[in-house]
Amino acid sequence: MEEDLIVQAKRLTPGGKIGIFCPCHVADRAHYAQIFEEIERQGFSVKAGKNIYRDSYGYAASEKERAADLNALIADEKVGMVLFGGGEGGAEILPLIDYEHIRRHPKLFSSYSDGTSILNAIYAQTGLTTYYGMGAGVFADLRQYDWQQFCARFVEGYEGQGYIRGSRWRSICPGRCEGTLIGGYGPQFALTLANPYFHYEKGERYLLFLEDHEHFSEVGAVASTLAFIEQSGFMRQVSGLIFGHYAQQPPDMLLQCLQRFGERCHIPVAYTDDFGHGTRHAVFPLGIRARLDVDNGRFDFC
């Protein structure tokens, strides 16, 4: 999105209400009871979608039921943030989201994994900054780094907050770059590039962040994802790549795959365990400007 179209939602305040819905899975009652309890223990209140436990399709409620939950949270003026996790099937609700209401009443949206399609669609359709890296599940086992990220991005706001590093970043392809942050879970983002609810600005430079995990994708599958992105028109506007957590010890085969990608595309590439399907959940704001200096190990929001 063009810089003058970027919209920022208000930060959460103590006692603020967090909406929870499940666009990609059926909520487990015991697990979500832990999530709700921890959110409330941290001083916030919770409003859960009424269909989060429905299994109309087996893997999730129907798209109409899931979209109804989201749109109810969007319409509730007391809900300051909508938090949701991953799974499968989230893209089914994209045509049913009330984007116009989001434009008129912006609020915080955060997710990861299969939530990629929803976050990118909301950003593209409304100009609202959405947040990748943290779903509702982090509150079932809230760790210090994740709580630090939550407060920095959603309570204090990213303005004036430098990036909070949680692990050693690896230099895959050296260089420096700058661009609008965009990305998410690799396979989902590659599919999103062809989705009518997502678009990117011609002439804009994008700093791409992607993640995948050995539990979901072998290195060959990661290579396939990267190839589809590389062969798209979008790639001509990518200035650099940050790749997130893949395994406790990323295999040389993966690092070599990332290196070949960076060299073919003539862009700097860094690897980090700070975000993804691991134990750290750094939050990346979609739509803000950022700088990556792989040579000196720096990543900053502009």
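Draft legend 1. Region of the structure containing the nonpolar core. In this structure, Phe-234 and Phe-299 are the most contacted members of the largest nonpolar core, which totals 99 residues. Sequence-distant contacts of Phe-234, that is, excluding residues within four places in its chain, are made with Ile-182, Phe-189, Leu-193, Tyr-200, Tyr-206, Leu-208 and Ile-229.

Draft legend 2. Geometry of the side chain of His-277. Within the fold, His-277 resides in the loop between strand E10 (269-276) and strand E11 (284-286). Classification of His-277 as buried rests on a relative accessible area of 17%. Among the polar contacts listed, one links the side chain of His-277 to the side chain of Ser-113, at a separation of 3.0 Å. In terms of polar contacts, His-277 uses its side chain to reach the side chain of Glu-211, at 2.9 Å. Not counting residues within four places of it along the chain, the set of residues in contact with His-277 comprises Tyr-112, Ser-113, Tyr-185, Glu-211, His-213, Phe-216 and His-245.

Draft legend 3. Expanded view of the sheet that holds E11. If you trace the 6 strands from one edge of the open sheet to the other, you get E2-E1-E3-E4-E5-E11, paired in mixed fashion. The strands lining the two open edges of the sheet, one partner per strand, are strand E2 (45-48) and E11. For this sheet, the mean inter-axis angle between neighbouring strands, taken without regard to orientation, is 25°. The pairing of strand E4 (residues 108-111) with strand E5 (residues 130-132) spans 2 bridges and is parallel.

Draft legend 4. Fine view of the sheet that holds strand E13 (residues 298-301). Strand order across the open sheet formed by 7 strands is E6-E10-E9-E8-E7-E12-E13, with mixed pairing between neighbours. Edge positions in the open sheet fall to strand E6 (170-173) and E13, since each of these has one partner strand only. Mean inter-strand twist for the sheet, computed between neighbouring axes without regard to direction, equals 40°. In terms of strand pairing, strand E8 (residues 206-211) meets strand E9 (residues 238-245) through 5 bridges, oriented parallel. Looking at E9, one finds that Leu-207 is bridged to Gly-240.

Draft legend 5. Highlighting the packing of aromatic side chains. Tallying each qualifying case throughout the model produces 27 aromatic pairs. Ring geometry for Tyr-163 against Trp-169: centres 5.6 Å apart, planes inclined by 75°, an arrangement best described as edge-to-face. The two residues Tyr-163 and Trp-169 agree in class, both being buried. Ring centres 6.0 Å apart and planes at 70° place the aromatic pair Tyr-163 and Phe-284 in the edge-to-face group. With a gap of 121 residues between them, Tyr-163 in the loop between helix H5 (144-155) and E6 and Phe-284 in strand E11 connect regions that are remote in the sequence. For the pair formed by Tyr-163 and Phe-284, the shared burial category is buried. Here a set of aromatic residues connected by ring pairs shows up, and it is made of Tyr-132, Tyr-163, Trp-169, Phe-209, Phe-275, Phe-284, Phe-299 and Phe-301. Looking at Arg-29, its charged tip hangs above the ring of Tyr-53, at a distance of 4.0 Å from the centre.

The rules we used
- Residues numbered from 1 in each chain as written.
- Predicted model: local features only at pLDDT ≥ 70, side-chain atom pairs only at ≥ 80, totals over all residues.
- Heavy atoms only, no water.
- Core = buried A, V, L, I, M, F, W, Y, C linked by side-chain atoms within 4.5 Å.
- Buried < 20%, exposed > 50% of the residue type's maximum accessible area, 1.4 Å probe, protein only.
- Contact = heavy atoms within 4.5 Å.
- Helix = DSSP H or I, 4+ residues; strand = E, 2+ residues; numbered from the N terminus.
- Polar contact = N/O pair within 3.5 Å; in protein donor to acceptor, adjacent residues only side chain to side chain.
- Pairing = 2+ DSSP bridges.
- Axes fitted to C-alpha atoms, helices over the stretch in contact; angles between N-to-C directions.
- Phe/Tyr/Trp six-rings, centres within 6.5 Å; stacked < 30°, edge-to-face > 60°.
- Lys NZ or Arg CZ within 6 Å of the ring centre and 35° of its normal.

Function cannot be read off these values alone, since they describe shape.
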